[in-house]
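Each chain is listed here by its residues.
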Amino acid sequence: MWVKNCWYVIAWEHEIPANGLFARTALGEPIVVFRTTEGFTALHDRCCHRAAPLSKGRHEGDAVRCGYHGLKFNALGQCTEVPGMEKAPPHLQVRRYPLALKNKWLFVWMGDAEKADEALLPDNFSNDSVDWKNIPGYLHYDTPYLLICDNLMDFSHLSYVHEKTLGGSTAIAQARPTIEPVTARGQRGFKVSRHVPDVPPPAYHRHMRQFTGNVDRWFIYEFLLPGTLLMHSGSRRVGGDPARDMDEAVLLHSCQTLTPETETTTHYFFQQSHHAACGDAGVTEAIYNNLIVAFNEDRDMISAQAQAIARAPHLTFVPLHFDGALNSFRQLLAAESAAEGQA
Amino acid sequence: MWVKNCWYVIAWEHEIPANGLFARTALGEPIVVFRTTEGFTALHDRCCHRAAPLSKGRHEGDAVRCGYHGLKFNALGQCTEVPGMEKAPPHLQVRRYPLALKNKWLFVWMGDAEKADEALLPDNFSNDSVDWKNIPGYLHYDTPYLLICDNLMDFSHLSYVHEKTLGGSTAIAQARPTIEPVTARGQRGFKVSRHVPDVPPPAYHRHMRQFTGNVDRWFIYEFLLPGTLLMHSGSRRVGGDPARDMDEAVLLHSCQTLTPETETTTHYFFQQSHHAACGDAGVTEAIYNNLIVAFNEDRDMISAQAQAIARAPHLTFVPLHFDGALNSFRQLLAAESAAEGQA
Amino acid sequence: MWVKNCWYVIAWEHEIPANGLFARTALGEPIVVFRTTEGFTALHDRCCHRAAPLSKGRHEGDAVRCGYHGLKFNALGQCTEVPGMEKAPPHLQVRRYPLALKNKWLFVWMGDAEKADEALLPDNFSNDSVDWKNIPGYLHYDTPYLLICDNLMDFSHLSYVHEKTLGGSTAIAQARPTIEPVTARGQRGFKVSRHVPDVPPPAYHRHMRQFTGNVDRWFIYEFLLPGTLLMHSGSRRVGGDPARDMDEAVLLHSCQTLTPETETTTHYFFQQSHHAACGDAGVTEAIYNNLIVAFNEDRDMISAQAQAIARAPHLTFVPLHFDGALNSFRQLLAAESAAEGQA
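Residues numbered from 1 in each chain as written. Chains lettered and ligands numbered in written order. Predicted model: local features only at pLDDT ≥ 70, side-chain atom pairs only at ≥ 80, totals over all residues. Heavy atoms only, no water.

1. A word on the relation of the copies chain B and chain C
And step 1. Mapping chain B onto chain C leaves a residual RMSD of 0.1 Å; the transformation is a rotation of 120° accompanied by 0.0 Å of translation along its axis. Read as a symmetry element, the transformation amounts to a three-fold axis. (Least-squares fit on C-alpha atoms with pLDDT ≥ 70 in both.)

2. Points about the interface of chain B and chain C
And step 1. Of the residues lining the interface, 31 residues belong to chain B; the matching set on chain C comes to 27 residues.
And step 2. Around 2,400 Å² of area is buried between chain B and chain C when both sides are counted, 58% of it from carbon and sulfur atoms.
And step 3. When residues of chain B are sorted by the area they lose upon contact with chain C, Y160, M301 and V318 of chain B head the list and together hold 26% of the total.
And step 4. Between chain B and chain C we count 3 salt bridges in total. (Contact = heavy atoms within 4.5 Å. Buried area = accessible area lost by both parts, 1.4 Å probe. Salt bridge = Lys/Arg side-chain N within 4 Å of Asp/Glu carboxyl O.)

3. Describing the environment of Q210 of chain A
And step 1. Secondary-structure assignment places Q210 of chain A in the loop between α3 (203-206) and β16 (215-224).
And step 2. Along the sequence, Q210 of chain A and R237 of chain A sit 27 residues apart, while their C-alpha atoms lie 9.9 Å from each other. (Helix = DSSP H or I, 4+ residues; strand = E, 2+ residues; numbered from the N terminus.)

4. Re the interface of chain C and chain A
And step 1. Each partner contributes to the interface: chain C provides 31 residues, whereas chain A provides 27 residues.
And step 2. Each partner contributes to the roughly 2,400 Å² buried at the junction of chain C and chain A, and carbon and sulfur atoms together form 58% of this total.
And step 3. In this assembly, chain C and chain A are joined by 3 salt bridges.
And step 4. Here chain C and chain A share 15 residue pairs in polar contact (both at pLDDT 80 or more) between them.
And step 5. Listed by contribution, the elements that provide at least two residues to the side of chain C that touches chain A are α1 (145-153), α2 (171-174), α5 (281-311) and α6 (324-342) of chain C.
And step 6. Per-element tally for the side of chain C that touches chain A: the top contributor is α5 of chain C, with 8 residues.
And step 7. Each residue belonging to the side of chain C that touches chain A can be placed in one class, and the counts come to 16 nonpolar, 7 polar and 8 charged. (Polar contact = N/O pair within 3.5 Å; in protein donor to acceptor, adjacent residues only side chain to side chain. Nonpolar A, V, L, I, M, F, W, Y, C, P; charged D, E, K, R; others polar.)

5. Quick look at unusual backbone geometry
All names here are of chain A.
And step 1. Cis geometry marks the peptide bond from L225 to P226; its omega dihedral reads 0°.
And step 2. Within the secondary structure, P226 sits in the loop between β16 and β17 (228-237).
And step 3. Unlike most non-glycine residues, L27 shows phi in positive territory, near 50°.
And step 4. Of note in the backbone geometry, K104 takes a positive phi value of approximately 75° without being a glycine.
And step 5. Structurally, K104 is set in the loop between β10 (99-102) and β11 (105-109).

6. Notes on the sheet that holds strand β9 (residues 96-97) of chain C
All names here are of chain C.
And step 1. Pairing within the open sheet is antiparallel, and its 4 strands lie in the order β2-β3-β4-β9. Taken across any chain shown, the strands that pair with only one partner, and hence form the sheet edges, are β2 (22-26) and β9.
And step 2. Pairing of strand β4 (residues 39-44) with β9, which is carried by 2 bridges, proceeds in the antiparallel orientation. Counterpart to A42 in the pairing with β9 is Y97. (Pairing = 2+ DSSP bridges.)

7. Regarding the pairing of strand β13 (residues 137-141) of chain A
All names here are of chain A.
And step 1. Residues G137, L139 and Y141 line the buried face of β13, whereas the alternating positions Y138 and H140 sit on a face that is not buried.
And step 2. The pairing of β13 with strand β19 (residues 266-275) spans 5 bridges and is classified as antiparallel. Each residue of the ladder has a partner; that of Y138, found in β19, is F269. (Buried < 20%, exposed > 50% of the residue type's maximum accessible area, 1.4 Å probe, protein only.)

8. Notes on the pairing of strand β18 (residues 250-260) of chain B
Residue and element names in this part refer to chain B.
And step 1. With 11 of its 11 residues buried, β18 lies for the most part within the structure.
And step 2. Of the two faces of β18, the one lined by V250, L252, S254, Q256, L258 and P260 and the one lined by L251, H253, C255, T257 and T259 are each fully buried.
And step 3. Summarising the sheet, strand β17 (residues 228-237) and β18 pair through 8 bridges and their orientation is antiparallel. Looking at β18, one finds that T228 is bridged to T257.
And step 4. Sheet analysis places β18 next to strand β19 (residues 266-275), joined by 9 bridges and oriented antiparallel. When the bridges of β19 are listed, C255 appears paired with Q271.
And step 5. Where β18 hands over to β19, the hairpin turn is made up of 5 residues, counted between the paired strands.

9. Examining the confidence of the model for chain A
And step 1. On average, residues of chain A score 95 in pLDDT, and 99% of them are at 70 or above.
And step 2. Both scores are given for the predicted complex: the pTM is 0.94, the ipTM 0.94. (pLDDT = per-residue confidence, 0-100.)

10. Looking at empty space enclosed by the protein
All names here are of chain B.
And step 1. Following the criterion strictly, the structure yields 12 cavities of 30 Å³ or more and no others.
And step 2. There is about 170 Å³ of room inside the largest cavity.
And step 3. Lining the largest cavity are 22 residues, with F155, L158, L166, M231 and Q256 sitting closest to its centre.
And step 4. Listing elements by their share of the lining of the largest cavity, those giving two or more residues are α1 (145-153), α3 (203-206), β16 (215-224), β17, β18, β19 and α5 (281-311).
And step 5. Of the residues assigned to the lining of the largest cavity, the class counts are 12 nonpolar, 8 polar and 2 charged. (1 Å grid on protein atoms, 1.4 Å probe; cavity = no way out; pocket = protein on both sides within 12 Å on 5 of 7 lines; lining within 4 Å. Points joined across faces, edges and corners; volume = space filled by probe spheres on them.)

11. Some thoughts on the packing of aromatic side chains
And step 1. Per the counting criterion, the structure on display carries 36 aromatic pairs over all chains.
And step 2. Ring geometry for W105 of chain C versus F107 of chain C: centroids 6.4 Å apart, planes at 65°, classification edge-to-face.
And step 3. Members of the aromatic cluster, joined through ring pairs, are Y141, Y268, F270 and F295 of chain A.
And step 4. Over the ring of Y138 of chain A we find R24 of chain A; its NZ or CZ atom is 4.7 Å from the centre of that ring. (Phe/Tyr/Trp six-rings, centres within 6.5 Å; stacked < 30°, edge-to-face > 60°. Lys NZ or Arg CZ within 6 Å of the ring centre and 35° of its normal.)

12. Considering the packing of α1 of chain C against α5 of chain C
Residues and elements named next belong to chain C.
And step 1. The interhelical angle for the contact between α1 and α5, taken along N-to-C directions, is 130°, at an axis separation of 10 Å. By the criterion of interaxial angle, the relationship of α1 to α5 is oblique. Crossing handedness for the pair α1 and α5: right-handed. Here L147, I148 and N151 of α1 lie close against α5, whose contacting residues are D298, I302, Q305, A306 and I309.
And step 2. Broken down by class, the residue content of the contact of α1 with α5 amounts to 5 nonpolar, 2 polar and 1 charged. (Axes fitted to C-alpha atoms, helices over the stretch in contact; angles between N-to-C directions. Parallel < 35°, antiparallel > 145°, perpendicular 65-115°, else oblique. Left-handed = near helix turned anticlockwise from the far one by under 90°.)

Below you can see the structure in the form of structure tokens.
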């Protein structure tokens with residue numbers, strides 16, 4: 001169950017070589033990305049002649065040449081050369097995907113090209129702002145993407161999965177978030193706000209501030225189709241002055257986004273930024289290292305969950321209060337997917 | 001084809017950590033085992049909330065806490081705590097399996113809990129008797145369990161598969177065993193008795209006795225549902241005095257038992273004991289090492305056989321005299337399994 | 001889609017041990033090959049008793065003994081001994097495949113034994129002629145055999161897949177071959193002739209001749225059922241004298257043949273010979289090494305193609321002029337396969 005009329009991250013900008021071809025699969029479709037004089041292009045990574053992956057061919061200027069029989073395709077996906085023919089037949093072409101670059105991420109639009117609207121790109125502003133610092137992240141999951149959406153829609157798991165990394169207190173699980181629909185700017189998703197008062201700061205917050213006692217923590221995020229989390233989070237000493245946040249608080253902005261690779265595997269792109277005023281390069285690295293440990297904790301648990309489900313797909317879940325946001329997102333996804341199927 | 005109303009070995013007692021959770025799958029069902037103040041408990045290794053394996057959580061006293069969202073289950077499988085709720089809903093529970101400890105093995109009852117009867121546990125007495133010595137054994141098979149039952153029901157293979165380990169003479173294959181049904185004590189299975197007169201002793205018997213010539217060998221075993229072999233075997237010099245066995249004979253008692261893990265994989269627990277009066281620790285180790293070599297010979301052959309069958313499932317077998325006992329066991333198993341299906 | 005009434009290479013002669021059993025699968029059927037006093041025999045590698053592979057047993061004289069229960073089969077596949085029985089029942093036998101040795105290759109006939117005709121064996125003469133030199137080759141493919149047939153039926157790929165090994169010029173792709181049916185000697189297939197005038201010699205030709213300028217190249221081959229390429233190829237300086245070939249030209253003869261292992265995997269046997277008058281042992285080795293690199297280029301591309309097809313089997317190909325020969329061969333194969341199915 002995927003929504004196709006969406007922007008999906010296909011790569012970090014820096015992953016695309018200056019000269020060369022980059023291959024990654026999204027929504028079950030193999031895609032080749034390469035640089036052109038105009039920027040980038042994304043084509044179906046399958047020669048229309050006999051299915052050879054174009055990414056195994058050669059990058060020639062603004063075009064790609066198939067490495068099997070030498071057909072050449074331009075940045076629009078049109079075949080411009082067939083060895084041994086004077087003129088390439090006009091019906092020879094491969095699909096071109098709308099592509100956009102924003103905040104260091106390359107997005108492809110997997111559905112109807114006419115609906116591709118760059119206004120729908122998520123606002124991952126901290127990823128290329130001088131005011132914010134991060135290290136780019138990527139993980140591959142051998143699990144369906146929906147189980148990772150579930151995880152991101154319910155931060156109660158921080159208390160247990162991430163007890164020693166992002167969590168640090170069972171109060172996170174006990175706090176009840178508020179959940180509101182997001183419809184502004186054409187986006188479709190939910191805003192989840194969770195406040196956790198008077199808890200010990202997690203270790204990675206102490207890299208940034210010299211807290212001596214407990215803190216108030218917050219996690220305010222939007223989770224948008226197809227699977228993008230945009231979050232402001234942080235901590236402040238209990239009773240701290242909101243007006244002096246920049247001097248006293250931990251302020252983080254992060255973005256995590258999911259691109260289904262296949263029905264059972266997923267790409268996970270992420271960055272967690274700290275405000276530049278709050279920590280040096282050592283802090284940037286410490287935050288990243290902590291996040292990698294934490295995201296491997298997630299992946300380990302979600303992989304185990306996915307295997308358990310695959311082993312006994314007939315067994316059902318028992319819904320609990322944790323599941324409000326994730327079930328709302330599943331319903332939204334199902335409705336959008338069904339609407340696309342009917343269109 | 002499995003019989004569910006049976007005790008299956010889930011683990012050696014020593015495999016269960018003092019503090020921690022032990023996971024193993026039986027009959028396709030993931031099971032978590034842990035110690036309690038009363039002994040042990042075995043629960044379905046799948047949180048009823050969203051399928052996370054409980055074994056990836058934490059052992060807390062006599063309970064297990066799910067590592068994903070923090071639900072806590074007691075030794076009976078009842079949920080006693082949900083983070084953020086005052087009281088856990090009573091319908092939150094996971095299946096608890098009847099569990100029994102006998103002769104160092106932990107058994108679970110995979111069928112109707114009301115029928116679990118400890119009187120049906122096999123009598124693997126030599127496993128924890130001061131009069132008998134062994135080293136505990138375990139192997140994992142990537143083959144269906146029925147092919148291993150076949151193997152254990154027909155010792156003619158000792159002459160060929162185990163020519164240099166347990167066998168040593170083609171006379172074993174030539175000897176015809178007697179086969180009798182076993183129904184005593186509620187057990188269901190067959191007793192197989194094979195006498196092999198006047199053959200050279202196999203190498204591992206010579207670790208125990210200084211035989212100078214040929215011996216008479218015997219293999220007297222019961223093979224009981226679901227797949228448990230209990231055997232007295234040994235050798236005595238040709239013409240030896242039965243009344244002086246303990247001084248002159250090799251006397252072994254062994255137990256091997258199969259627990260299907262999935263339709264295509266199997267757990268194999270085993271021990272082969274020698275009488276304490278007959279051999280020291282070096283003999284115990286030599287017997288074990290010989291057995292490991294021999295059981296890998298079996299596994300190698302049975303795996304090749306399983307692959308051959310999987311590759312051409314439409315090809316049939318040609319029945320021969322070897323197959324009397326194994327076919328009887330297959331018929332018993334099919335009848336019991338059908339009866340359970342109808343119940 | 002396989003044609004069964006054909007000779008398939010099962011092994012290089014030197015692969016069969018002097019004492020021992022050789023196992024290889026062809027057309028999904030496991031086959032055991034061993035030497036006899038008469039030469040070689042090939043039997044179904046599956047004991048008719050309970051499916052154990054005979055190749056895991058023992059080679060005894062002109063017979064094989066099953067390693068599970070000791071049944072013995074002679075070179076004709078007849079069971080001659082069952083342990084514990086006075087006389088083996090006459091219905092106990094395994095299939096024997098017609099087998100032929102020609103030019104260092106062992107062939108098995110996979111269809112109706114009565115149709116096995118050694119006159120149909122391909123004429124791979126250079127493989128055991130003192131006038132020709134080569135090093136024997138074998139590769140295993142994890143792809144269906146038909147995709148490799150396609151590759152061998154269309155040498156335009158030399159310009160792209162083998163740009164730096166066998167190719168060296170885009171003129172190869174631009175040249176149009178002539179394609180003629182082959183029906184002589186009961187063979188079924190096509191003759192493909194491709195002439196490429198006035199191109200730089202590929203590096204491996206320069207091992208054999210001191211070309212100073214461009215050459216004329218040629219590739220003249222038959223591609224015969226089930227998947228055997230027999231080729232004369234070479235190069236001669238532009239304007240060279242055909243009458244003085246042996247002094248001035250590169251002359252090669254090669255044979256490559258495919259044996260489907262399963263629906264998705266293939267054995268690839270090959271040799272490329274140079275005329276003994278043209279190059280020493282160093283040249284033989286250089287040609288072989290170049291070929292291994294080139295054939296790995298093919299395998300890499302064909303594997304990627306096979307995966308692309310498997311991932312989206314509903315997507316079709318767009319036929320181009322390259323595909324004339326390969327489509328003719330696919331049609332021939334389909335027709336022969338259908339005819340066998342109806343027979």
